[in-house]
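Observations on chain architecture
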Amino acid sequence: MAEFEKRVRKILTDHGCTFVRKGKGDHEIWYSPLTNRNITVDGKIKSRHTANAVMKQSGISYRF
């Protein structure tokens, strides 16, 4: 299975999103200036559907 977390973090950073803090477990909280809100990013993203949901919440039109 493909793991998407590294690619998701890179895309978030490239679009100006910033890491805010650690969340519960292996989750991280990121801030998206595109939507002006915080989003939760799982530490182990194994599904492209989850990766696409993170992209949608952050306001980035990239799809896996």
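Above this note sits the structure.
So, a few notes on the structure that sits alongside this text. (Residues numbered from 1 in each chain as written. Predicted model: local features only at pLDDT ≥ 70, side-chain atom pairs only at ≥ 80, totals over all residues. Heavy atoms only, no water.)

Here we take up the overall build of the protein. Counting its regular elements, the protein contains two helices and three strands. Counting from the amino terminus, helix and strand elements in the protein follow one another as α-β-β-β-α. On C-alpha atoms alone, the protein measures out to a radius of gyration of 11 Å, which is about the 11 Å that the 2.2 N^0.38 rule sets for 64 residues. Its C-alpha atoms give the protein principal-axis dimensions of roughly 30 × 25 × 15 Å. For the protein, the residues scored as buried account for 33% of the 64 residues in total. At a minimum sequence separation of 6, the contacts of the protein that also span at least 24 residues come to 39%. Here the protein displays about 4200 Å² of accessible surface, and carbon together with sulfur accounts for 52% of that area. (Helix = DSSP H or I, 4+ residues; strand = E, 2+ residues; numbered from the N terminus. Rg over C-alpha atoms; globule rule 2.2 N^0.38 Å. Buried < 20%, exposed > 50% of the residue type's maximum accessible area, 1.4 Å probe, protein only. Contact = heavy atoms within 4.5 Å. Areas by Shrake-Rupley, 256 points an atom, 1.4 Å probe, with all protein chains shown as cover.)

So, on to unusual backbone geometry. Located in the positive-phi region is N36, a residue other than glycine, with phi close to 60°. Here N36 lies in the loop between β2 (28-32) and β3 (37-41).

So, about the sheet that holds strand β1 (residues 18-22). Judged by pairing direction, the sheet is antiparallel, and its three strands sit side by side in the order β1-β2-β3 without closing on themselves. Looking along the sheet, the strands with just one partner apiece sit at the ends: β1 and β3. Going across the sheet, the axis of each strand differs from the next one's by a mean of 35°, ignoring polarity. In the sheet, β1 pairs with β2 via four bridges, with the strands oriented antiparallel. Each residue of the ladder has a partner; that of R21, found in β2, is I29. Strand contacts of helix α1 (residues 5-14): β2 and β3, with the helix running at about 30° to β2, the strand carrying the most contacts. Packing against the sheet, helix α2 (residues 48-58) makes contact with β2 and β3, and its axis sits at approximately 170° to β3. (Pairing = 2+ DSSP bridges. Axes fitted to C-alpha atoms, helices over the stretch in contact; angles between N-to-C directions.)

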